[in-house]
Amino acid sequence: DVKVTQSSRYLVKRTGEKVFLECVQDMDHENMFWYRQDPGLGLRLIYFSYDVKMKEKGDIPEGYSVSREKKERFSLILESASTNQTSMYLCASSLEDSPLHFGNGTRLTVT
Amino acid sequence: AQKITQTQPGMFVQEKEAVTLDCTYDTSDPSYGLFWYKQPSSGEMIFLIYQGSYDQQNATEGRYSLNFQKARKSANLVISASQLGDSAMYFCAMREVTGNQFYFGTGTSLTVIP
């Protein structure tokens, strides 16, 4: 079974802090994704990566960056956290033609 | 333009009844895939069912079936014999072959009433 692990379930950070959200998958998937989920807005794609060191912007990349140094790990970075980045963050991975497999999510609160 | 539209923010269904959750999509790609996910209150996203754009038959997985109407660009999820455990958010999603992205709708909150 595919396992996608997000390092934190809950996170509380202060405005202006640099925040790292880590995601690891164990099934050698090429594609990895970061979404944020907000009530009434569904899931919105922040960034995705289809290979090591490759990244593509999604619909809402502003204020975020990503890093993929190894195939199994995809990190989301909030360079300077702001209160409007309080949200649920979901990491997912997939093969070329497979469904997305999601982690359990990180609920981030920025105060 | 929205790639995926779910027009029902909330739905109620009586236990053991069937329910249809609506989803319409917008794409000009000839090849694409349609997915439904369930998100219980615990937060994990559970993959339910997949329909490919070239599939001739509607997909079925146990109590879930996907009513795929290509000309109307709709991919409604039908849950038969609803159970209390079906209460959750349901998301429709599409993957276009070009671009390698998944697009999600805003979700439908389903409540099953005993």
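See above for the structure.
Please read all numbers here as calculations on a predicted model, not as lab measurements.

This brings us to the overall build of chain A. When its secondary structure is counted, chain A shows zero helices and 12 strands. Each helix and strand of chain A, ordered N terminal to C terminal, gives the series β-β-β-β-β-β-β-β-β-β-β-β. Referenced to the eigenvectors of the C-alpha coordinate spread, the extents of chain A come out at roughly 40 × 25 × 25 Å. The buried share of chain A, reckoned over its 111 residues, is 49%. Intrachain contacts of chain A at a sequence separation of at least 6 include 54% that bridge at least 24 residues.

Our next topic: the side chain of Gln101 of chain B. Note on placement: Gln101 of chain B falls in the loop between strand S10 (88-96) and strand S11 (102-104). Taking relative accessible area as the criterion, Gln101 of chain B reaches 14% and is therefore assigned buried. Each residue touching Gln101 of chain B, except ones within four places of it in the same chain, is listed here: Leu45, Phe48 and Lys57 of chain A together with Met94, Arg95 and Glu96 of chain B.

On to the state of the cysteines, then. Residue and element names in this part refer to chain B. Overall, the coordinates contain two disulfides over all chains when judged by the stated rule. A sulfur-sulfur separation of 2.0 Å characterises the disulfide bridge that pairs Cys23 with Cys92. The sign of the -65° torsion about the S-S bond sets the Cys23-Cys92 disulfide as left-handed. Of this pair, Cys23 sits in the loop between strand S3 (19-21) and strand S4 (24-25) while Cys92 sits in strand S10, placing them 69 residues apart in sequence. Residue Cys23 shares its accessibility class with Cys92, and that shared class is buried.

With that settled, the discussion passes to the pattern of salt bridges. Residues and elements named next belong to chain A. In total, this model carries eight salt bridges over all chains according to the counting rule given. With its nearest N and O atoms 2.8 Å apart, the salt bridge here joins Asp38 to Arg44. On the accessibility criterion, Asp38 (13% relative accessible area) is buried. For Arg44, a relative accessible area of 25% translates into the label partly exposed. Linked by salt bridges that have partners in common, Arg36, Asp38 and Arg44 make up one network.

With 23 residues of chain A at the contact, the number on the chain B side is 17 residues. Of the roughly 1,500 Å² buried at the junction of chain A and chain B (both faces included), carbon and sulfur atoms supply 54%. When the buried area of chain A at its contact with chain B is split by residue, Leu43, Pro99 and Phe102 of chain A rank highest and sum to 26% of it. For the pair chain A and chain B, the number of links is zero salt bridges.

Moving on, we get to the packing of aromatic side chains. Going through the model one piece at a time under the given rule, you end up with 14 aromatic pairs over all chains. For the pair Phe33 of chain A and Phe102 of chain B, a centre-to-centre distance of 5.7 Å together with 90° between the ring planes defines the contact as edge-to-face. You can see Phe33 of chain A sitting in strand S5 (residues 31-38) and its partner Phe102 of chain B sitting in strand S11, one on each of two chains. Residue classification places Phe33 of chain A among the buried positions, given a relative accessible area of 0%. Here Phe102 of chain B falls in the buried class, since its relative accessible area comes to 1%. Aromatic pair Phe102 of chain A and Phe104 of chain B: ring centres 6.0 Å apart, planes at 70°, arrangement edge-to-face. Remark: Phe104 of chain B occurs in strand S11 and Phe102 of chain A occurs in strand S11 (residues 101-102); the pair is interchain, linking two chains. With respect to class, Phe102 of chain A is no different from Phe104 of chain B; both count as buried. Among the aromatic residues, those joined into a cluster by ring pairs are Phe33, Tyr35, Phe48 and Phe102 of chain A together with Phe35, Tyr37, Phe47, Tyr50, Phe102 and Phe104 of chain B.

Cut-offs and rules
Residues numbered from 1 in each chain as written. Chains lettered and ligands numbered in written order. Predicted model: local features only at pLDDT ≥ 70, side-chain atom pairs only at ≥ 80, totals over all residues. Heavy atoms only, no water. Helix = DSSP H or I, 4+ residues; strand = E, 2+ residues; numbered from the N terminus. Buried < 20%, exposed > 50% of the residue type's maximum accessible area, 1.4 Å probe, protein only. Contact = heavy atoms within 4.5 Å. Disulfide = S-S within 2.5 Å. Salt bridge = Lys/Arg side-chain N within 4 Å of Asp/Glu carboxyl O. Buried area = accessible area lost by both parts, 1.4 Å probe. Phe/Tyr/Trp six-rings, centres within 6.5 Å; stacked < 30°, edge-to-face > 60°.

Geometry only, nothing functional implied.
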